[in-house]
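Architecture and fold: a report
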Amino acid sequence: MNDLITWLRAQLDDDERVTQACAEVYPAPWDMSDRGHTALVRADEPDFRIVAELEQSSAIDGWLGERLEHIARWDPARVLAEVDAKRRILDMWADAQSAEFPDYWGGYATALDDVVRQLALPYADRPGFRAEWRPR
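The paragraphs below set out a description of the structure included in this document. Please read these numbers as outputs of a predicted model, since none were measured by experiment.

One way to put it is that helix α1 (residues 2–25) packs onto helix α3 (residues 76–97) with a least axis distance of 10 Å and a crossing angle of 160°. Between α1 and α3, the crossing angle belongs to the class labelled roughly antiparallel. Pair α1 / α3 crosses with left-handed handedness. Across the interface between the two elements, Asn2, Ile5, Leu8, Arg9, Leu12, Asp13, Asp15, Glu16, Thr19, Gln20, Cys22 and Ala23 of α1 pack against Pro76, Val79, Leu80, Val83, Lys86, Arg87, Leu90, Asp91 and Trp93 of α3.

Below you can see the structure in the form of structure tokens.
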């Protein structure tokens with residue numbers, strides 16, 4: 001399990017690095033707007049740079065804004081908050097593993113093992129993921 005924790009922390013570090021690079025160019029919060037047949041996601045001021053732009057076409061069924069709402073929900077501030085929350089869960093796991101009373105903490109630690117496996121699952125397509133880390 002320690003290998004999984006180390007590997008998962010590296011994935012979170014990578015998510016953070018990529019997100020911070022995005023935030024330098026497109027700072028949060030992102031704003032979504034619709035201009036008739038074109039919908040935009042714009043980054044925060046001072047430049048209000050365009051993060052994503054879609055134009056209505058016959059290939060797109062429904063309103064463009066629904067697609068952009070999804071993009072806007074993944075602005076850098078949100079992704080960084082999620083990385084922080086996942087790191088806190090990993091810290092809880094580490095604390096449970098080093099607890100002074102292992103019999104008392106055993107159930108809690110086992111539950112956190114399962115949670116960590118779930119946290120790793122979205123990264124299963126990345127190099128280094130092991131089949132035995134999949135949730136049981």
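That shown, we press on.
With that settled, consider α1. Between its first and last C-alpha atoms α1 spans 35 Å; for 24 residues at 1.5 Å apiece the expected length is 34 Å, and the two agree. Three or more residues of α1 are buried, namely Leu4, Ile5, Trp7, Leu8, Gln11, Leu12, Asp15 and Thr19.

With that settled, consider the pairing of strand β2 (residues 38–42). The side chains of a regular strand alternate, first on one face of the sheet and then on the other. Of all 5 residues in β2, 4 are buried; the element is thus mostly enclosed. With 5 bridges joining them, β2 and strand β3 (residues 50–55) adopt antiparallel strand pairing. Looking at β3, one finds that Arg42 is bridged to Ile50.

Our next topic: the environment of Arg78. One can find Arg78 in helix α3. Residues Arg78 and Thr19 lie 59 residues apart in sequence; the distance between their C-alpha atoms is 9.7 Å. At 2.8 Å, the side chain of Arg78 forms a polar contact with the side chain of Glu82.

Across all of its chains, the model carries 13 salt bridges by this definition. The closest approach of N and O atoms between Arg130 and Glu132, which form a salt bridge, is 3.7 Å. With a relative accessible area of 34%, Arg130 lands in the partly exposed category. Shared partners join several salt bridges into a network, and the residues in it are Asp14, Asp15, Arg17 and Arg126.

Of note, Gln11 is situated in helix α1. Filtering out sequence-adjacent residues up to four positions away, Gln11 remains in contact with Tyr123 and Arg126.

With that out of the way, let us pick up the nonpolar core. In this structure, Leu4, Trp7, Leu8, Leu90, Val116 and Ala120 are the most contacted members of the largest nonpolar core, which totals 17 residues. Of all the elements in the fold, those that place two or more residues in this core are α1, α3 and α4 (102–120). Residues within four places of Leu90 in sequence aside, it is in contact with Ile5, Leu8, Arg9, Leu12 and Val116. Ala43, Ala52, Leu64 and Ala72 belong to the second largest nonpolar core, which has 8 residues in total.

Cut-offs used in this document
- Residues numbered from 1 in each chain as written.
- Predicted model: local features only at pLDDT ≥ 70, side-chain atom pairs only at ≥ 80, totals over all residues.
- Heavy atoms only, no water.
- Axes fitted to C-alpha atoms, helices over the stretch in contact; angles between N-to-C directions.
- Helix = DSSP H or I, 4+ residues; strand = E, 2+ residues; numbered from the N terminus.
- Parallel < 35°, antiparallel > 145°, perpendicular 65-115°, else oblique.
- Left-handed = near helix turned anticlockwise from the far one by under 90°.
- Contact = heavy atoms within 4.5 Å.
- Expected span 1.5 Å × (residues − 1).
- Buried < 20%, exposed > 50% of the residue type's maximum accessible area, 1.4 Å probe, protein only.
- Pairing = 2+ DSSP bridges.
- Polar contact = N/O pair within 3.5 Å; in protein donor to acceptor, adjacent residues only side chain to side chain.
- Salt bridge = Lys/Arg side-chain N within 4 Å of Asp/Glu carboxyl O.
- Core = buried A, V, L, I, M, F, W, Y, C linked by side-chain atoms within 4.5 Å.

Functional significance is not addressed by these values, which are geometric in nature.
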